[in-house]
Amino acid sequence: MIARASQLFLPTLRDDPADADVASHRLLVRGGFIRQVSAGVWTYMPLGWRVHQKVVQIIREQMDAIGAQEMLAPVLTPAELWETSGRYDLPVVFKLQDRTGRRFVLPMSHEETFTFHGKELQSYKQLPQVWYHFGTKERDEPRPRGGLLRVREFIMKDSYSFDRDEAGLDESFRKHAEAYGRIFERCELEFYEVEAESGEMGGKDSNDFLAPGAGENFLVRCENGDYAADIEAAHGIPVPADFPAPLAAPEEVETPGMRTIDEVSKFLEVDPRATAKAMPVVADGKVVLALIRGDDRLDEAKLAAALGQFVRPAHPEEITETFGADGGSIGPVGSPVPILADEALREGQYVVGANRDDRHLKGAQVGRDFEAEFADLRHVKEGDSCPNCGGELTIEQAIELGHIFKLGTFYSIPFEASFLDEDGTEKPLVMGSYGIGPGRVIAAIVEQHHDEQGIVWPRSVAPYDVHVVALPGVEEQAHEAATALDAAGLSVLLDDRHARAGEKFADADLIGMPVRVTVGKKTVEDGAVDVRDRATGEERRVPIASLGEAF
């Protein structure tokens with residue numbers, strides 16, 4: 001096909017958008033691929049939609065190859081489905097009512113809807129099943145930014161597997177992981193499949209696919225190459241604390257007006273790593289005390305995974321009512337609620353809140369002064385040691401391309417989605433959930449494939465295969481070149497606008513088709529054109545008659 005630039009909507013810009021802080025945001029807007037409607041809400045312009053649909057087709061082909069069946073679920077979803085799963089009250093969920101007052105959800109994912117349809121599966125003979133769709137999602141994102149990286153509305157490919165047992169789920173999970181690898185390879189992306197947390201999706205094991213770049217996620221890697229994980233699931237061994245001399249029993253000390261770890265550690269002249277901070281949360285309506293080392297940050301996704309349910313920070317009045325002190329003075333000794341402590345607190349004596357305002361305890365020791373369950377609750381930090389080899393861990397920004405989850409029976413049990421097994425017993429469906437955001441894939445491609453002039457699209461996702469630039473006075477020869485390329489099965493963008501040569505070349509570099517063909521005055525003399533590779537900059541002179549053989 002031949003598309004004429006003079007007839008297309010290609011609103012390129014010379015200047016960067018003022019709020020763009022990453023390359024993909026800057027170049028996709030300048031290149032006329034996307035336009036912002038409101039914060040986190042974007043329109044795909046004609047060029048951008050062509051890229052999006054090429055990514056979609058790559059995903060579709062790989063999903064079909066593993067036996068998945070495409071369908072389409074609605075955006076408007078009854079609130080009852082989300083109340084059944086327990087996700088209705090998540091703060092990122094958009095909610096609305098119709099004119100009669102009936103409540104609905106605009107889903108950020110479609111686990112509830114697909115589980116609802118999964119209830120029609122009656123027998124083990126119908127399993128396994130894999131269903132997928134490309135659906136519009138809505139997310140009440142509080143801080144949208146980065147162009148397509150953090151948005152409020154987006155299209156996602158989400159697929160759902162239904163199996164009879166864990167072994168079947170493992171196989172569905174493996175097939176999706178391999179399909180995702182092929183998808184991202186075809187998009188020419190550097191990526192890592194890493195351990196992740198399930199977070200708002202629920203369930204148990206999950207893997208992230210992360211592409212290094214200026215994204216919203218963080219990739220943790222060992223300097224020796226034997227470990228990689230999403231920061232929310234990463235395990236690191238912290239630098240040991242410098243403990244003071246041990247005490248035979250906890251000693252209460254006054255800490256007037258001291259509320260933060262930094263204030264308390266300086267006042268008592270102790271290493272912040274030898275303090276512990278109490279983080280009260282509410283899970284299933286009950287207060288639980290999370291305990292981490294003073295220099296660490298609580299990872300709420302890890303905490304939710306450890307408790308097996310969603311959590312929220314306790315309100316100030318809940319803290320006072322439960323512990324008899326404000327949040328800056330509470331601690332584990334004499335705690336009236338269960339304690340979940342980070343693994344780093346297994347050994348040593350720590351300064352902790354005394355559950356009395358302006359009081360702390362020195363020398364508090366787990367097992368002797370209080371009891372706790374243990375889990376990995378801390379955010380990994382630069383300088384932590386690798387859990388596999390002891391090497392140093394590094395942290396870099398990354399873009400989440402896709403996420404695959406082993407949901408197990410997290411949704412099927414509350415939805416009563418069951419089947420009759422071979423032995424005649426009724427069992428819950430064992431589910432998996434698998435997502436890819438084409439918009440994030442596009443952003444990652446631009447982050448990894450651009451230069452100072454603009455985007456450098458891989459041919460697999462480029463809007464057009466070839467960009468023919470017609471300089472003034474050679475319109476007939478330019479059309480001849482475009483026709484030859486079209487006859488060879490290539491998609492062609494023909495720049496036939498009445499514009500200066502410099503403007504055309506700048507736009508060609510900005511929007512980044514894999515190959516640029518320049519038709520100039522010399523073409524009239526020798527019947528040849530300049531063929532330039534966008535990625536390498538290499539140029540060669542090719543006769544128009546041979547253009548179809550040059551690709």
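Here, every reference points to the structure presented above.
What counts and how
Residues numbered from 1 in each chain as written. Predicted model: local features only at pLDDT ≥ 70, side-chain atom pairs only at ≥ 80, totals over all residues. Heavy atoms only, no water. Helix = DSSP H or I, 4+ residues; strand = E, 2+ residues; numbered from the N terminus. Polar contact = N/O pair within 3.5 Å; in protein donor to acceptor, adjacent residues only side chain to side chain. Contact = heavy atoms within 4.5 Å. Pairing = 2+ DSSP bridges. Axes fitted to C-alpha atoms, helices over the stretch in contact; angles between N-to-C directions. 1 Å grid on protein atoms, 1.4 Å probe; cavity = no way out; pocket = protein on both sides within 12 Å on 5 of 7 lines; lining within 4 Å. Points joined across faces, edges and corners; volume = space filled by probe spheres on them. Nonpolar A, V, L, I, M, F, W, Y, C, P; charged D, E, K, R; others polar. Parallel < 35°, antiparallel > 145°, perpendicular 65-115°, else oblique. Left-handed = near helix turned anticlockwise from the far one by under 90°. Buried < 20%, exposed > 50% of the residue type's maximum accessible area, 1.4 Å probe, protein only.

Peer 1: Sorry, what's going on with the environment of serine 109 here?
Peer 2: As for its placement among the helices and strands, serine 109 is situated in the loop between β7 (103–106) and α4 (111–118). Among the polar contacts made by the side chain of serine 109, one reaches the side chain of arginine 87 at a distance of 3.0 Å.

Peer 1: Is there a simple way to think about the environment of glycine 512 in this case?
Peer 2: If you trace the backbone, glycine 512 turns up in the loop between α12 (501–511) and β27 (515–519). Along the backbone, glycine 512 and tyrosine 464 are 48 residues apart, and their C-alpha atoms lie at a distance of 9.4 Å. Ignoring anything within four residues of it in the chain, the contact list for glycine 512 reads Ile455, Val456, Trp457 and Arg534.

Peer 1: Looking at this structure, I do not really get the sheet that holds strand β19 (residues 359–364). What am I missing?
Peer 2: Here we have three strands laid out as an open sheet, ordered β13-β19-β18, and antiparallel in their pairing. Pairing within the sheet leaves two strands with one partner each, and these edge strands are β13 (251–254) and β18 (350–353). Here the average twist between neighbouring strands, direction ignored, is 30°. Bridge count for β13 against β19 is four bridges, and the pairing is antiparallel. Bridge pairing in β19 links glutamate 251 to lysine 362.

Peer 1: I tried to follow the layout of surface pockets on my own but got confused; where do I start?
Peer 2: Roughly 210 Å³ of internal volume is contained in the second largest pocket. In terms of lining residues, the second largest pocket is bounded by 16 residues, among which Arg259, Ile261, Lys277, Ala278 and Gly328 are the most central. Contributing elements (two or more residues each) for the lining of the second largest pocket: α6 (261–268), β14 (276–283) and β18. With four residues, β14 is the largest single contributor of residues to the lining of the second largest pocket. Residue classes in the lining of the second largest pocket are distributed as eight nonpolar, six polar and two charged.

Peer 1: Explain the packing of helix α2 (residues 46–65) against helix α5 (residues 166–186) to me, please; I cannot follow it from the model alone.
Peer 2: In a pair of packed helices, the angle between the axes and the distance between the axes together describe the arrangement. Across the interface, α2 lies against α5 with an axial gap of 9 Å and an inter-helix angle of 150°. By the angle between their axes, α2 is roughly antiparallel relative to α5. Here α2 runs over α5; the crossing is right-handed. Of α5, the residues touching α2 (which contributes Ile58, Ile59, Glu61, Gln62 and Met63) are His176, Ala179, Tyr180, Arg182, Ile183 and Arg186. The residue makeup of the contact of α2 with α5, split by class, is six nonpolar, two polar and three charged.

Peer 1: How should helix α7 (residues 300–307) be read in this particular structure?
Peer 2: Since one α-helical turn is 3.6 residues long, residues separated by three or four positions face the same way. By the burial criterion, the buried members of α7 are Ala301, Lys302, Leu303 and Ala304. Two or three places before alanine 301, at the opening of α7, aspartate 299 has a side-chain oxygen 3.0 Å from that residue's backbone nitrogen. Trailing α7 by a residue or two, glycine 308 shows a phi angle of about 75°, which is positive.

Peer 1: Sorry, what's going on with the pairing of β14 here?
Peer 2: Burial of β14 is extensive: six of the eight residues sit out of reach of the surface. Alignment of β14 against strand β15 (residues 286–293), held across eight bridges, turns out to be antiparallel. When the sheet's bridge partners are listed, proline 280 is paired in β15 with leucine 289. Two elements, β14 and strand β16 (residues 311–313), share three bridges in a ladder whose sense is antiparallel. Opposite alanine 283, over in β16, you have valine 311 as the bridge partner.

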